[in-house]
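In case you want the letters, here they are:
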Amino acid sequence: MYAFVTECLREDSDLKFFLTTASRDVISEYCRSWEYKRSEGERCLYVPNRPEKMYDLLIDKLQLDIISHCTMSERRIHNRISQRLGVPIEVLKWDQEARERYVEYAKRGTQTVHHARGMIVGCAGAGKTTLLKRLLGCSEEEIKEVKSTEGLEVHEEIFDICDETRSLKARQINKDDKEENNSATNIGAKTLTFFDFGGQCAYYACHQIYLTRRAFYVVVVDASKRLDQKLDKEVCDQDGSVFSGWTYGDYFEFWMKSIHTYCSYENDKELKPVALIVATHWEENNRQYKDKHTLLDSLNQQIPKHSKLSQYIVENNCYCIQFPAEALHSLSKHMFNIANHQRWKETIPKEWAFLEIEIKLRKHSERIIKIENLTMKVTDSIKQEDPEEKLTTKSDMLRYYHDAGKVLYFNEEGLKEFIIIDVQWFIDAFKHIITDKLHFKGIPVASEDWEEFYSTGNLEDHLLTEIWRNDDNPLSEKLPEDDEWILSKTRDSDPRYLLYHKKQLLNFMQRLGLMAVGNKSHYVPCMNRKEIENAIPDLIQRGRVNICSYLQIQLLAIFPLLPPRCVLHAVKGLESVEN
Ligand SMILES: Nc1nc2c(ncn2[C@@H]2O[C@H](COP(=O)(O)OP(=O)(O)OP(=O)(O)O)[C@@H](O)[C@H]2O)c(=O)[nH]1
Ligand SMILES: [Mg+2]
C-alpha cells in the first residue's frame, strides 16, 4: 500500500482522488501535512498545502480525529483545522493526551458558539468610554456624564451580531436583572463583548489578564494632542512610575507594539491581529491635524522605521470622530464585519456549554467556587466514577473557559481547587488596592501606611483588609441590622464579600503577577515609585517577600503587559542563573 501511495499518486488530481475515496484509516496511516517532520523510518505521504483544497480534503476526511493525529505537531495546519472544524485554536495546542480527551468529549456531541470580543485601549482621557457609549447609541446626556474608567470594565455580550440587519444591535441590559441574566435563551446567539480599559497608568497591571489573541483591538487616540506632548498630570499621574515622562505618542506606540507582539500567532500570518484606530476630538478647532492623511503620517512616524506595525496604520482601519456626537455608522459597520467573521465561531463539546449559563447564574452570589462543587453535565452513558478522571474532565473544560476569558483557572498546586467565576469582581478587587490618587476614597488607616504604599508598593496586610472592608461596606448596608459583630461574621461567611475570599484572591493575584504575597505585608509593583535597584534589596532584606515572586512581579512592573507565562519563564531563567 505504501508503495502505491508514494509511487502512483504523482499528480494533484491523483491525490485528490485518493483523499476523497480512500478510507479514513488508510489516510490516517499514510498522510501528513506538508511541513510535518517525520521520525526516522516513518513512511508517509505529504499532502501539499497548495491548493488549499488539499488540506481541506485531509481535514474533512479525518474530521475530529485529526486533532489527535500526529500531523498536529506541524503547527501551520492548526489555523486551517480551527477554521474548518471550528475547534478552538488553543485546544489544538494542548498536549497529545489532552487533545485525545477533547476528541472523546466532542464525539459525544458539540455546540456552536459565536462570541466576538473587542478591546478598547489607549491612554487616559482619549475618549474610549465615550466611544463605547456612542456605539451603544446612548443619549448626549449619558455621553457627557462619562467618568474616567477605574481598572477595566467588561461589558459582557453587550451587542448582538444581527444577521438580518447586518449590524450590531445594542442589548438592553437591565441592571436589576444582572444576577439572573436570562442567558439560557442566549446560548446560540452571536454576540460581541467589549472591554473598556482604564487608561490611568496604574491600571496597566490589570490589563495583562485580558490581553489576548481572542479579540480585536480598537486603539483610541486623542487628536487634540500632539504625539510629542507629555500627558497632562490631571489626566494621569505617571510621575515615578515606569511611564514617567511618556508622551501621547509613546502610549500609541506601546499599545500597537503590545497588540502586535502578544496577539499575533507564531507561524500564522493568516490569523494576524485586527486593530482599528479611532481618533477622537476631531473638531476643526480642536484637532492637531489638517486631515486624516496628516494624522496617519504622524502615527507612522511614531513607530520604528520599516516596522511591521505600519500594517495597522492604514486609511481603511482609521476613523476620525468628533463632537457633537452623531451616529457612527461606518465604524459600527466595520465592527460588525469584524465581529461577524468566522474566526469567532467555535464548536465546543456540548457538555461544556452548560458552564456558560452556570457562570452567569452563580457569579454574583458566589464569585469563587470550589472545583468539587462544580457538577459536570455529562451524558448519562458516561459514568465517571474515578475522582481523578472527573477532575481531569473538569479541568479540561475550565482550561477552555480560562482561555476564552470567562473564568480564571490554573491547574496548578495551590490554585487548582478554586475557580474565579466573576472575573470583573476579581479585577475590581485589585483595582481597589491600586486606586490611584485620582480615585482615592478616604479609607481610615494611618497616613504613613498609605504613604509607604504609594511610594514603595509595600502594602501592610491590615491596610489591604481595610481597603477590602471598605469595598464590602455597600453590601453590608443592605443588611437589616447594622451591628459590627454581625457584619464581621457576615463578611467571613458570605461568599459575596471580598474578605471571605481573601486567601484565594491573594493566591490568584500572585499567580497573575499582580502582587507578591507575604505574611504581614505584600508588594504591589505597579505602585512602586522608587528606583527599582533601591527597592529590591530593601524589601528582600526586610523579609517582606520571597525573591522569586518578587522577581516575577517586578518584571511585570517593567513590562506591564507581559503575559504571566513569559514572566514565569524569565524567572525560571533567573533562578537557574542564580544556582
Ligand atoms: N471634544 C471632544 N471631547 C471628547 C470626544 N470624545 C471624548 N471626549 C471627552 O473626553 C473626556 C474623556 O473621555 P472618556 O471617554 O472618559 O475617556 P477614556 O479614554 O475612557 O478615559 P479613561 O477611562 O480615564 O482612560 C470626556 O470629557 C469626554 O466627553 C470628542 O470626540 N470630542
Ligand atoms: Mg474610560
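The structure displayed is predicted, hence computed values, not measured ones.

Draft legend 1. Main features of the overall build of the protein. Secondary structure summary: the protein contains 23 helices and 14 strands in total. Within the protein, the proportion of its 579 residues that are buried is 54%. Here the analysis covers contacts within the protein between residues at least 6 apart in sequence; of these, 70% occur between residues at least 24 apart. For the protein, the computed accessible surface area is about 27,900 Å², with 48% contributed by carbon and sulfur atoms.

Draft legend 2. Helix 4 (residues 52–62), seen in detail. By the criterion of burial, helix 4 is predominantly enclosed, with 8 of the 11 residues buried. When helix 4 is considered as a whole, its buried residues turn out to be Met54, Tyr55, Asp56, Leu57, Leu58, Ile59, Lys61 and Leu62. Gln63 sits one or two positions beyond helix 4 and adopts a positive phi of about 50°.

Draft legend 3. Molecular detail of the coordination of the magnesium ion (ligand 2). Protein coordination at the magnesium ion (ligand 2) comes from Thr129 (OG1) and Thr149 (OG1), with a distance range of 2.0 Å. With Thr129 in helix 8 (residues 128–135) and Thr149 in the loop between helix 9 (140–144) and strand 4 (152–162), this pair connects stretches of sequence that are 20 residues apart. By the burial criterion, Thr129 is buried, and Thr149 matches it.

Draft legend 4. Quick look at the pairing of strand 4. One ladder, built from 6 bridges, connects strand 4 with strand 6 (residues 190–197); its direction is antiparallel. The residue bridging Phe159 from the neighbouring strand is Leu192, located in strand 6. Both strand 4 and strand 5 (residues 167–170) contribute to a ladder of 4 bridges, which runs antiparallel. What sits directly across from Phe159, in strand 5, is Ala170.

Draft legend 5. Layout of the packing of helix 2 (residues 12–21) against helix 4. Interaxial distance between helix 2 and helix 4 falls to 9 Å at its minimum, and their mutual angle equals 15°. Between helix 2 and helix 4, the interaxial angle falls into the category roughly parallel. Between helix 2 and helix 4 the crossing geometry is left-handed. Residues Asp12, Leu15, Lys16, Leu19, Thr20 and Thr21 of helix 2 touch helix 4, and the partners they reach there are Met54, Leu57, Leu58 and Lys61.

Draft legend 6. Representation of the site of ligand 1 within the structure. Taken together, 20 residues form the shell around ligand 1, and within it Lys128, Thr130, Ser148, Thr149 and Gly199 come nearest. A distance of 2.8 Å separates an oxygen atom of ligand 1 from a polar side-chain atom of Thr129. Between an oxygen atom of ligand 1 and a side-chain N or O atom of Thr130, the distance comes to 2.5 Å. In isolation ligand 1 offers 650 Å² of accessible surface; the protein chains occlude 83% of this area. Considering each element in turn, the shell around ligand 1 owes the most residues, 3 residues, to helix 8.

Draft legend 7. Spotlight on the packing of aromatic side chains. Applying the stated criterion across every chain, the model contains 22 aromatic pairs. Between the aromatic rings of Trp282 and Tyr289, the centroid separation amounts to 6.4 Å while the plane-to-plane angle is 10°, which identifies the pairing as stacked. Given a relative accessible area of 8%, Trp282 falls into the buried group. A relative accessible area of 9% means that Tyr289 is categorised as buried. Ring centres 6.5 Å apart and planes at 75° place the aromatic pair Phe426 and Phe508 in the edge-to-face group. Highlighted residues: Phe426 in helix 16 (residues 423–434) and Phe508 in helix 20 (residues 502–511), separated in sequence by 82 residues. Residue class for Phe426 comes out buried when judged on its relative accessible area of 0%.

Draft legend 8. Summary view of the environment of Thr465. Considering the arrangement of structural elements, one finds Thr465 in helix 18 (residues 461–477). As for Thr465 and Lys502, which are separated by 37 residues in sequence, their C-alpha atoms are 8.5 Å apart. When neighbours within four sequence positions are excluded, Thr465 is seen to be in contact with Leu499 and Lys502.

Draft legend 9. How the structure looks around unusual backbone geometry. For the bond from Phe323 to Pro324, the omega torsion is -5°, close enough to zero to count as cis. Note on placement: Pro324 falls in the loop between strand 9 (318–320) and helix 13 (329–339). The phi dihedral of Arg166 is positive, around 50°, even though this residue is not glycine. Structurally, Arg166 can be placed in the loop between strand 4 and strand 5. On the basis of relative accessibility, which here comes to 41%, the residue Arg166 falls in the partly exposed class.

Draft legend 10. How the structure looks around the nonpolar core. In this structure, Phe426, Phe430, Ile433, Trp468 and Val524 are the most contacted members of the largest nonpolar core, which totals 83 residues. Of the domains in this structure, domain 2 (112–344) and domain 3 (441–578) are the two that each give at least three residues to this core. With residues near it in sequence (within four places) discarded, Val524 still touches Phe430, Ile433, Ile434, Phe453, Gly457, Leu459, Leu514 and Met515. In terms of nonpolar packing, the next biggest core, distinct from the first, is built from 49 residues, Ile77, Ile348, Trp352 and Tyr400 among them.

Cut-offs applied
Residues numbered from 1 in each chain as written. Chains lettered and ligands numbered in written order. Predicted model: local features only at pLDDT ≥ 70, side-chain atom pairs only at ≥ 80, totals over all residues. Heavy atoms only, no water. Helix = DSSP H or I, 4+ residues; strand = E, 2+ residues; numbered from the N terminus. Buried < 20%, exposed > 50% of the residue type's maximum accessible area, 1.4 Å probe, protein only. Contact = heavy atoms within 4.5 Å. Areas by Shrake-Rupley, 256 points an atom, 1.4 Å probe, with all protein chains shown as cover. Donors = N, O, S within 2.8 Å, 3.2 Å for Na, K, Ca; no water. Pairing = 2+ DSSP bridges. Axes fitted to C-alpha atoms, helices over the stretch in contact; angles between N-to-C directions. Parallel < 35°, antiparallel > 145°, perpendicular 65-115°, else oblique. Left-handed = near helix turned anticlockwise from the far one by under 90°. Near = heavy atom within 4 Å. Polar contact = N/O pair within 3.5 Å; in protein donor to acceptor, adjacent residues only side chain to side chain. Phe/Tyr/Trp six-rings, centres within 6.5 Å; stacked < 30°, edge-to-face > 60°. Core = buried A, V, L, I, M, F, W, Y, C linked by side-chain atoms within 4.5 Å. Domains from an automatic or database assignment.

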